[in-house]
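Geometric and topological summary
Each chain, written out:
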Amino acid sequence: QVQLVESGGGLVQAGGSLRLSCAASGSIFSINNMGWYRQAPGKQRELVASITPGSSTNYVDSVKGRFTISRDNAKNTVYLQMNSLKPEDTAVYYCKAVVLRSYGGTSLQYWGQGTQVTVSS
């Protein structure tokens, strides 16, 4: 089995910063793409940022220039540095990893449990 454990959420004032972490553990041969998603109340879950094993990144337009995704492949961990936070960034943030559990096996998607980020105005 594979587990993704997130940390780093919390309450912050507008303009502040937070850093989210997501560590994958368990039966892992390799990890392909990793990403952060968020879901605000009454809204659909959306992709915030993603990163390939070679650290190519992609961001939703609303966070470009404010958020930075990175990963440590040796630690099977992905990070999301969030700066200049806005009230509209308030949501539950989830990490996702595409994991290959054995050589020649099938890659599967795994999700973290979510961490709340609240930005006050």
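The model shown is predicted, which means the values in this text are computed figures rather than measured ones. (Residues numbered from 1 in each chain as written. Predicted model: local features only at pLDDT ≥ 70, side-chain atom pairs only at ≥ 80, totals over all residues. Heavy atoms only, no water.)

**Considerations on the overall build of the protein**
- The helix and strand tally for the protein stands at zero helices and eleven strands.
- Overall, the protein shows an N-to-C arrangement of helices and strands of β-β-β-β-β-β-β-β-β-β-β.
- For the protein, the C-alpha radius of gyration of 14 Å lies close to 14 Å, the compact-globule estimate for 121 residues.
- Dimensions of the protein along its principal axes, counting C-alpha atoms only, are 50 × 25 × 25 Å.
- Residue burial in the protein is summarised as follows: out of 121 residues, 40% are buried. (Helix = DSSP H or I, 4+ residues; strand = E, 2+ residues; numbered from the N terminus. Rg over C-alpha atoms; globule rule 2.2 N^0.38 Å. Buried < 20%, exposed > 50% of the residue type's maximum accessible area, 1.4 Å probe, protein only.)

**Topic: the pattern of salt bridges**
- Under the counting rule described, the total for this entry stands at four salt bridges.
- Salt-bridge contacts for Arg38 lead to Asp89; the nearest nitrogen and oxygen are separated by 3.0 Å. Of this pair, Arg38 sits in strand 4 (residues 30–39) while Asp89 is found in the loop between strand 8 (77–82) and strand 9 (91–100), placing the two residues 51 residues apart along the sequence.
- Asp89 gets classed as buried once you look at its relative accessible area, which sits at 1%.
- Of the charged contacts in the structure, one is a salt bridge between Arg66 and Asp89, with a shortest N-O distance of 2.8 Å. One end of the pair, Arg66, is in the loop between strand 6 (57–59) and strand 7 (67–72); the other, Asp89, is in the loop between strand 8 and strand 9, and 23 residues separate them in sequence.
- The structure contains a network of salt bridges with shared partners spanning Arg38, Glu46, Arg66 and Asp89. (Salt bridge = Lys/Arg side-chain N within 4 Å of Asp/Glu carboxyl O.)

**Focus: the side chain of Asp89**
- Within the local environment of Asp89, its side chain forms a polar contact with the backbone nitrogen of Lys86, the two atoms lying 2.8 Å apart.
- The contact partners of Asp89, leaving out residues within four places of it in the chain, are Arg38, Arg66, Phe67, Ser84, Val117 and Val119. (Polar contact = N/O pair within 3.5 Å; in protein donor to acceptor, adjacent residues only side chain to side chain. Contact = heavy atoms within 4.5 Å.)

**Observations regarding the sheet that holds strand 7**
- Taken together, four strands build an open sheet; the order of strands is 1-3-8-7 and the sheet is antiparallel. A single partner strand is all that each edge strand has here, and the edge strands are strand 1 (2–7) and strand 7. Pairwise comparison of adjacent strand axes, ignoring direction, gives a mean angle of 15° for this sheet.
- Alignment of strand 3 (residues 18–26) against strand 8, held across six bridges, turns out to be antiparallel. When the sheet's bridge partners are listed, Arg19 is paired in strand 8 with Gln81. (Pairing = 2+ DSSP bridges. Axes fitted to C-alpha atoms, helices over the stretch in contact; angles between N-to-C directions.)

**Quick notes on the nonpolar core**
- Ranked by internal contacts, the top residues of the largest apolar core, which has 30 residues, are Trp36, Leu80, Met82 and Tyr93.
- Listing elements by their share of this core, those giving two or more residues are strand 1, strand 3, strand 4, strand 5 (46–51), strand 7, strand 8, strand 9 and strand 11 (115–120).
- Top element by residues in this core is strand 9. It accounts for five residues.
- When near neighbours in sequence (up to four residues on either side) are disregarded, Leu80 contacts Leu18, Arg19, Leu20, Trp36, Val48, Ala49, Phe67, Thr68, Ile69 and Tyr93. (Core = buried A, V, L, I, M, F, W, Y, C linked by side-chain atoms within 4.5 Å.)

In short, shape yes, function no, at least from these values alone.
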